[in-house]
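As a plain string of letters, each chain reads:
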Amino acid sequence: SIGNVEEIKFPWENAKAKFDSALAWAFAAKMYDFWKKNMDQDKSAGAKGVLKQMKLEYPNKIYLYERAFKRFRDEEFDPYRNKYFLDFFDHFICKYPEYHWLEYRQKEKMFKD
């Protein structure tokens, strides 16, 4: 017997992740949306720069936000088209309704080109 084989998961599905990590992923989608619309998709922009442009303070554990934002910015994941991320985001907003303001997409336009 080789042992248990774990299915590879997306970063936001990490079983050991805590609330801070989930919030960083949800917030990174909002940051990515702002970056695409307002910062000419500047590939050198990081989370701190985007937050500054959004006129928001740096959250605790900024490295979590930086890591998540860079993965969206560098097109590893598309928060508009990745079904698994969309499911995660919807679940996060249902579980923590006080963060509904993080909504970054119009659901009727999600899959239109």
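Remember, predicted model here, so these are calculated numbers, not experimental data.

A. Geometry of the packing of helix 1 (residues 19-38) against helix 3 (residues 62-73). Contact geometry for helix 1 and helix 3: axes closest at 8 Å, N-to-C directions at 45°. Overall, the two elements helix 1 and helix 3 adopt an arrangement that is oblique. Seen from above, helix 1 lies across helix 3 with right-handed handedness. Packed against helix 1, whose contacting residues are Asp20, Ser21, Leu23, Ala24, Trp25, Phe27, Ala28, Ala29, Met31, Tyr32 and Trp35, the element helix 3 presents Leu64, Tyr65, Ala68, Phe69, Arg71, Phe72 and Arg73 at the interface. Split by residue class, the contact of helix 1 with helix 3 holds 14 nonpolar, one polar and three charged.

B. Spotlight on the pattern of salt bridges. Throughout the structure, instances matching the rule amount to seven salt bridges. The partner of Lys61 in a salt bridge is Asp20, with the nearest N and O atoms 2.9 Å apart. Placement of the pair is Lys61 in the loop between helix 2 (47-53) and helix 3 and Asp20 in helix 1, with a sequence separation of 41 residues. For Asp20, a relative accessible area of 31% corresponds to the partly exposed category. Across the pair Lys37 and Asp33 runs a salt bridge whose closest N-O atoms are separated by 3.2 Å. Of this pair, Lys37 and Asp33 both sit in helix 1, four residues apart, roughly one helical turn.

C. Representation of helix 1 within the structure. With 20 residues, helix 1 ought to run about 28 Å at 1.5 Å a step, and its terminal C-alpha atoms sit 28 Å apart, in line with that. The buried fraction of helix 1 amounts to 14 of the 20 residues, a majority that puts the element mostly inside the structure. Just downstream of helix 1 lies Asp40, where phi reads positive at about 50°.

Parameters at a glance
- Residues numbered from 1 in each chain as written.
- Predicted model: local features only at pLDDT ≥ 70, side-chain atom pairs only at ≥ 80, totals over all residues.
- Heavy atoms only, no water.
- Axes fitted to C-alpha atoms, helices over the stretch in contact; angles between N-to-C directions.
- Helix = DSSP H or I, 4+ residues; strand = E, 2+ residues; numbered from the N terminus.
- Parallel < 35°, antiparallel > 145°, perpendicular 65-115°, else oblique.
- Left-handed = near helix turned anticlockwise from the far one by under 90°.
- Contact = heavy atoms within 4.5 Å.
- Nonpolar A, V, L, I, M, F, W, Y, C, P; charged D, E, K, R; others polar.
- Salt bridge = Lys/Arg side-chain N within 4 Å of Asp/Glu carboxyl O.
- Buried < 20%, exposed > 50% of the residue type's maximum accessible area, 1.4 Å probe, protein only.
- Expected span 1.5 Å × (residues − 1).

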